[in-house]
Amino acid sequence: MKYTLITTGGTIGSATGGDGVRRLADGKTFGGFTETLAPFTVFSENMTFEHMATLSALIRKQAAEYDGIIVTHGTDTLPFTAAALSFTLADIQIPVVLVSANAPAGEPGSNADDNMRAALAFLG
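Everything numeric here is computed off the predicted structure, so don't read it as measured data.

I'm lost on the nonpolar core in this one. Help?
General note: in soluble globular proteins, nonpolar side chains tend to be found buried as a group. Membership of the largest hydrophobic core comes to 16 residues, with the highest contact counts inside it found for Ile6, Leu55, Ile59, Ile69, Val71 and Ile92. Of all elements in the fold, only helix H1 (49-63) and strand S5 (68-72) reach the threshold of two or more residues within this core. Here this core gets five residues from one element, more than from any other, and that element is H1. In this structure, Leu55 is in contact with Ile6, Thr8, Phe40, Val71, Thr81 and Leu85, ignoring residues within four places of it in sequence. Listed in part, the 12 residues of the second largest apolar core include Tyr3, Ile12, Ala101 and Ala119.

Looking at this structure, how should I read the sheet that holds strand S4 (residues 35-37)?
Here four strands make up an open sheet; going across it, the order is S4-S1-S5-S6 and the pairing parallel. In this open sheet, the two edge strands, each paired with only one partner strand, are S4 and strand S6 (96-99). Strand-to-strand twist of the sheet, defined as the mean angle between neighbouring strand axes without regard to direction, takes the value 20 degrees. Taken together, the five bridges between strand S1 (residues 3-7) and S5 define a ladder with parallel strand orientation. Paired with Leu5 across the two strands is Ile70, which belongs to S5. Relative to S5, helix H3 (residues 112-123) is tilted by about 160 degrees, and along the sheet it contacts S1, S5 and S6.

Basis of the calculations
- As a convention, each chain's residues are numbered from 1 in the sequence order in which they are written.
- This being a predicted model, a pLDDT of at least 70 is required before a residue's local features are given, and a value of 80 or more before pairs of side-chain atoms are given or counted; all residues contribute to the totals for chains, interfaces and linings.
- Only hydrogens and water are set aside; all other atoms, that is, all heavy atoms of the structure, feed into the side-chain values.
- Buried Ala, Val, Leu, Ile, Met, Phe, Trp, Tyr and Cys residues that are joined via side-chain atoms within 4.5 Å together make up what is termed a nonpolar core.
- Accessibility here uses a 1.4 Å probe with only protein chains present; expressed as a share of the type maximum, an area under 20% marks a residue as buried, one over 50% as exposed, and anything in between as partly exposed.
- In DSSP terms, a helix is any run of H or I states spanning at least four residues, a strand is any run of E spanning at least two, and both are numbered starting from the N terminus.
- Residue contacts are counted whenever heavy atoms from the two residues lie within 4.5 Å of one another.
- Whether two strands pair depends on DSSP finding at least two bridges between them.
- All axes here are fitted lines through C-alpha atoms, helices being fitted over the stretch that makes contact, and every angle between N-to-C directions spans 0 to 180 degrees.

Here it is in structure tokens:
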């Protein structure tokens, strides 16, 4: 099976500094993917219609080449993105899984790695 990862930002794609979560991690990736794409990096509460259109178009393009797609996303507006994608991508034939985390990957108590493993397990 061939999967791709699309990162959009959010806590799962963040890094921490001395003053808390302060920036989005550059090149944040999780292993095991054929390709990792980052069309934009924003906290989910800052996503715009343009971000959503870009994400939808990229998923549609990638769907022709892959067996499944995982999209990392912030927790604040993940349900809104899931709803929008369910309408704009209703005709594609592969699973698209949105995944988020309670804290940046690698931080104590973060569920980022567990959530990524669960998303991969779902894809099969």
